[in-house]
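# Secondary and tertiary structure notes
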Amino acid sequence: MSDRYWLLLYLIAVVLVTLVHQPCYLLLGLLAVMLLSGSLRWRLLRKALLSMLLFNTAVSLGYLAIALMRDEFRADYLLLINARVLLLVMLGFWLSAGINIAKALRFSTTLSFLATLAAGQIRLMSRLIGDYRTAFESRCVKRPDWRERRRLALAQTEALLEHANHAATEISQAMRSRGVFDD
């Protein structure tokens, strides 16, 4: 099956997952995705769990606090939203591991260009993060404490945002000069 059809199938699956309101069916869908993932299943599941951990924890705790104050707590709803998010994230990682997004979007030159541009920026930012981490580790004789790691994270975030802003400005100027934004 071509990458374009896998992308279409993924989009249909996302719509279907948002229409399902039974946690057991969502968990069955997650099981099906894990079985279809083959040898990648545990790596993709770990990646999905780690990537959604902070957001889902914040949303779940927020729901829990408000629901308990109103005396309207429903454990099935909490399970539903967490199962849905896990399934959607797992589907996304499974799709990105299995197809070439630029190839799937080849039907539209603009979408293909944007996907290639985004992939390039992701690689660049990943490399910069790795460079910062390596530089920090090479300058530390002992394991840094929490305060030093926090200062590094803040400085790294500031530098990455500044770099991303500069790159976005440069790219938009290059695109404008090539007539991408002309009607």
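Here is what the cut-offs are and how they apply
- Residues numbered from 1 in each chain as written.
- Predicted model: local features only at pLDDT ≥ 70, side-chain atom pairs only at ≥ 80, totals over all residues.
- Heavy atoms only, no water.
- Core = buried A, V, L, I, M, F, W, Y, C linked by side-chain atoms within 4.5 Å.
- Buried < 20%, exposed > 50% of the residue type's maximum accessible area, 1.4 Å probe, protein only.
- Helix = DSSP H or I, 4+ residues; strand = E, 2+ residues; numbered from the N terminus.
- Contact = heavy atoms within 4.5 Å.
- Phe/Tyr/Trp six-rings, centres within 6.5 Å; stacked < 30°, edge-to-face > 60°.
- 1 Å grid on protein atoms, 1.4 Å probe; cavity = no way out; pocket = protein on both sides within 12 Å on 5 of 7 lines; lining within 4 Å.
- Points joined across faces, edges and corners; volume = space filled by probe spheres on them.
- Nonpolar A, V, L, I, M, F, W, Y, C, P; charged D, E, K, R; others polar.
- Patch = residues over 30% accessible without salt bridge, like charges linked within 9 Å, V, L, I, M, F, W, Y side chains within 5 Å.
- Areas by Shrake-Rupley, 256 points an atom, 1.4 Å probe, with all protein chains shown as cover.
- Salt bridge = Lys/Arg side-chain N within 4 Å of Asp/Glu carboxyl O.
- Domains from an automatic or database assignment.

## Description of the nonpolar core
Grouped together as the largest cluster of nonpolar side chains are 16 residues, with contacts concentrated most on Leu26, Leu30, Leu86, Leu87 and Met90. For this core, the secondary-structure elements that each account for two or more residues are α2 (23–37), α3 (41–70) and α4 (75–98). Counting residues per element, this core draws most heavily on α4, at seven residues. Other than its neighbours up to four places away in sequence, Met90 contacts Leu30, Val33, Met34, Ser37, Arg41, Leu44, Leu45 and Ala48. Judged by nonpolar contacts, the second largest core, of six residues, contains Leu7, Ile99, Ala104 and Ala115.

## Details of the packing of aromatic side chains
In this structure the tally under the stated criterion is three aromatic pairs. With centroids separated by 6.0 Å and ring planes inclined at 75°, the aromatic side chains of Trp6 and Trp94 adopt a geometry described as edge-to-face. On the criterion of sequence distance, the pair formed by Trp6 in helix α1 (residues 3–19) and Trp94 in helix α4 is long-range, its members being 88 residues apart. A relative accessible area of 30% means that Trp6 is categorised as partly exposed. Residue Trp94 is classed as partly exposed on the basis of its relative accessible area of 21%. Between Tyr63 and Tyr77, the ring centres sit 5.1 Å apart and the planes meet at 55°, which makes this aromatic pair tilted. Of the two residues, Tyr63 sits in helix α3 while Tyr77 sits in helix α4, which places them 14 residues apart along the sequence. A connected cluster of aromatic rings, assembled from ring pairs, spans Tyr63, Phe73 and Tyr77.

## Here we look at the layout of surface pockets
Of the volumes computed, that of the largest pocket is approximately 390 Å³. Looking at the largest pocket, it is lined by 19 residues, and the ones nearest its centre are Ala13, Val33, Leu36, Leu91 and Trp94. Listing elements by their share of the lining of the largest pocket, those giving two or more residues are α1, α2 and α4. Residues of the lining of the largest pocket, tallied by class, amount to 17 nonpolar, two polar and no charged. In this model, the second largest pocket occupies a volume close to 220 Å³. Arg43, Leu44, Lys47, Phe93, Ser96, Ala97, Ile99 and Ile101 are the residues that line the second largest pocket. Elements represented by at least two residues in the lining of the second largest pocket include exactly α3 and α4. Each residue belonging to the lining of the second largest pocket can be placed in one class, and the counts come to five nonpolar, one polar and two charged.

## Things to note about a nonpolar patch on the surface
Where nonpolar side chains cluster on the molecular surface, the patch consists of Tyr5, Leu8, Ile12, Val15, Leu16 and Leu19 and spans about 610 Å² of accessible area. Structurally, Ile12 can be placed in helix α1.

## Overview of the domain arrangement of the chain
On domain assignment, one finds that the chain holds domain 1 (3–103) and domain 2 (108–177). The C-alpha-based centres of domain 1 and domain 2 are spaced at 27 Å.

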